[in-house]
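# An overview of the molecular structure
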Amino acid sequence: MTEVLKQHLIDPEICIRCNTCEDTCPVDAITHDSRNYVVDADICNHCMACISPCPTGSIDNWRTVLRVAAYPTADQLTWDELPKEVPLADLPADAVAALDGDITDELQTNAADASLGSVVAPASASVPTVNLHGIRNVITATVSGNFRVTQLGTESDTHHIVLDFGSANFPVLEGQSLGIIPPGVDAQGRAHHARQYSIANPRDGERPGYNNVSLTVKRVTTDYDGKPVRGVASNYVCDLKKGDVVQVIGPFGATFLMPNHAPSNLLMICTGTGSAPMRAMTERRRRLRLAGNDNGGKLMLFFGARSQQELPYFGPLMNLPKDFIDINFAFSRTPNQPKRYVQDLMRERAADIATLLKDANSYFYVCGLKGMEAGVLDVLRDTAISHGMDWQTLHAELKRDGRLHLETY
Ligand code: A2P
């Protein structure tokens, strides 16, 4: 039989190179170079695990091809746009029949199983607007603020950037992200692709009632191996001045969202700039409380940084009332102090975390360094088991009900 394939491809025009798909793929079919993310047709088993975590939808592209003529990854790496669908004329009927029902409910279930976190939003979350602006209809925003939120003189140069959309429509929810396109071109003379940043403010604006958003951006000065590099986008963003105009796409993200119902507990675990969505959710709850609409649920935060001086928003966090949020800081490089990671602190607070794990109104959010993810999940598992819960069942329920959200990089 002539084998026909629904080939899985990534749209290079829309992809924001966030690495989520490569991280998610359980069979390592997705790879990338400095330019594109690509799918190896010989490895991809259509499990669909990568589809819903992708913030832009660029992952959800398919071309019907003869298997022998599937696009090789070497070709995909050179693409600036997806090839047009080529009609397959005169295909044998058996080949076409084999395509029907290609992507079934069973595969969708596999996707949920393959992922460690939820691929759905909390049931009571608001409906997000996604992909309103893509690279073909970029929106511009004006910088209305740029403040350093880590202490001067420390290595971590992290900035709080405020972008104003004027009268343009750019609705966001806590936990969503946007893309910024740095000006200029790369070494190959091609326009830079967009970089993704989590939104750090609640839905009613960085300043309530204003049409603005905020971002938490760390200046990248070294690569993953510690070699000096100058991150194109992060340096551009951290150097922005009030009044500068930036090219924005988005908003993105339909799962890492907060529940609206009362009471609902939020357990937030983050490192560094992973604090952006936690700031957004905390501020949402704080404003509701100020307006007399206290949710009644608990807020608990575990926040890791090298030192107090390098922890973004340390001052404002310290000002939050103790009866509003339970904050736990883990510092790893405080002189003469033992190295502490968020998961170490979580183990110390196991009894309180167990109470949250037992409550079906608890929602868990993890954002920041990739390395933290496994450690945090281990603590949740150990805590559940040591407090008499069946982790396998609980983990499956948390994922199914949109109650365990992982966003690490
Ligand atoms: P470390 O001092 O070992 O780098 P960064 O400043 O690079 O964004 O990191 C934020 C915090 O996350 C730092 O305290 C860093 O510690 C810590 N960290 C690094 N790796 C892990 C990990 N695997 N799990 C939890 N925290 C981590």
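Scroll up to find the structure.
Here goes a summary of the coordinates provided. Given the structure is predicted, the values throughout are model-derived calculations rather than measurements. Throughout this description, residue numbers start from 1 for each chain and increase along the sequence as written. It should be noted that, the model being predicted, local features are given only for residues of pLDDT at least 70 and side-chain atom pairs only at 80 or more, the latter also being counted only at that level, while totals for whole chains, interfaces and linings use all residues. Heavy atoms from the whole structure form the basis of all side-chain values; hydrogens and water molecules are not counted.

We call a residue near a molecule or strand as soon as one heavy atom of that residue lies within 4 Å of the molecule or strand. The environment of the ligand is formed by 13 residues, the closest being Arg306, Ser332, Arg333, Lys339 and Tyr341. As used in this structure description, the phrase polar contact means that two N or O atoms lie within 3.5 Å; if the pair is within protein, one of them must be able to donate a hydrogen and the other to accept it, and residues adjacent in sequence are counted only when both atoms belong to side chains. Contact between the ligand and Lys218: an oxygen atom at 3.5 Å from a side-chain N or O atom of the residue. One of the backbone nitrogen or oxygen atoms of Ala305 is found 3.0 Å away from an oxygen atom of the ligand. Protein coverage of the free-state accessible area of the ligand, which is 550 Å², stands at 82%. Lys, Arg, Asp and Glu make up the charged group, whereas Ala, Val, Leu, Ile, Met, Phe, Trp, Tyr, Cys and Pro make up the nonpolar group; the residues left over, Gly among them, are polar. Taken together, the residues that form the shell around the ligand break down as four nonpolar, five polar and four charged. Values of accessible area rely on a 1.4 Å probe in the Shrake-Rupley scheme; residue burial ignores everything except the protein chains shown.

A few words now on the state of the cysteines. One covalent bond between the sulfur atoms of two cysteine residues makes up a disulfide. The disulfide definition used here is simple: a pair of cysteine sulfur atoms within 2.5 Å. Within the structure shown, the criterion is met by zero disulfides. Sulfur of Cys54: no disulfide; nearest cysteine sulfur belongs to Cys18 and is 6.2 Å away.

Attention now moves to the side chain of Thr282. In this text, helices come from DSSP runs of H or I with a minimum length of four residues, and strands from runs of E with a minimum of two, each type numbered from the N-terminal end. Mapped onto the secondary structure, Thr282 falls in helix H6 (residues 275-290). If sequence neighbours within four positions are ignored, Thr282 has contacts with Met268, Leu299, Leu320, Phe324 and Ile325. Residues count as neighbours in contact if any of their non-hydrogen atoms are within 4.5 Å of one another.

Right, let's talk about the packing of aromatic side chains for a bit. To pair, rings of Phe, Tyr and Trp, with the six-membered ring standing in for Trp, must have centres within 6.5 Å; the planes then decide the type, stacked if under 30 degrees apart, edge-to-face if over 60, and tilted in the middle. Overall, the coordinates contain six aromatic pairs when judged by the stated rule. Seen from their ring centres, Tyr71 and Trp79 are 5.1 Å apart, and the 80° between their planes marks the pair as edge-to-face. One exposure class covers both Tyr71 and Trp79, and it is buried. Measuring from ring centre to ring centre gives 4.4 Å for Phe165 and Phe170, while their planes differ by 15°; the resulting arrangement is stacked. Note on accessibility: Phe165 and Phe170 belong to one class, buried. Three or more aromatic residues joined by ring pairs form one cluster here, namely Phe303, Phe314, Phe329 and Phe331. One Lys or Arg, Arg279, reaches over the ring of Tyr313 and ends 5.0 Å from the middle of that ring. Put simply, a charge is over a ring when the Lys NZ or the Arg CZ is close to the ring centre, within 6 Å, and near the line of the ring normal, within 35 degrees. Between the NZ or CZ atom of Arg403 and the centre of the ring of Tyr363, over which it lies, the distance is 5.9 Å. Per-residue accessibility, obtained with a 1.4 Å probe over protein chains only, is compared with the maximum for each type, and a residue is labelled buried under 20%, exposed over 50%, and partly exposed between these values.

Our next topic: the environment of Val143. Looking at where Val143 falls in the secondary structure, it is placed in strand E5 (residues 139-148). Separated by 39 residues in the primary sequence, Val143 and Pro182 place their C-alpha atoms 14 Å from one another. For Val143, the contacting residues outside a window of four places in its chain are Val162, Leu163, Leu240, Lys241, Lys242, Gly243, Asp244 and Val246.

Attention now goes to the sheet that holds strand E11 (residues 265-271). With respect to topology, five strands assemble into an open sheet ordered E13-E12-E11-E14-E15, the strand pairing being parallel. Of all the strands in the sheet, the pair left with one neighbour each is strand E13 (326-331) and strand E15 (404-408). Each neighbouring strand pair of the sheet contributes to a mean axis angle of 10°, computed without reference to strand direction. At least two bridges found by DSSP between two strands are what make those strands a pair. Bridging between E11 and strand E14 (residues 362-368) involves six bridges; their strand directions are parallel. Across the sheet, Leu266 pairs through a bridge with Tyr363, a residue of E14. What counts as an axis is a line fitted to C-alpha atoms, over the stretch in contact for a helix, and the angles between N-to-C directions run from 0 to 180 degrees. H6 rests against E11, strand E12 (299-305) and E14 of the sheet, and its axis sits at about 150° to E11.

By themselves, these are just geometric observations and shouldn't be taken as functional.
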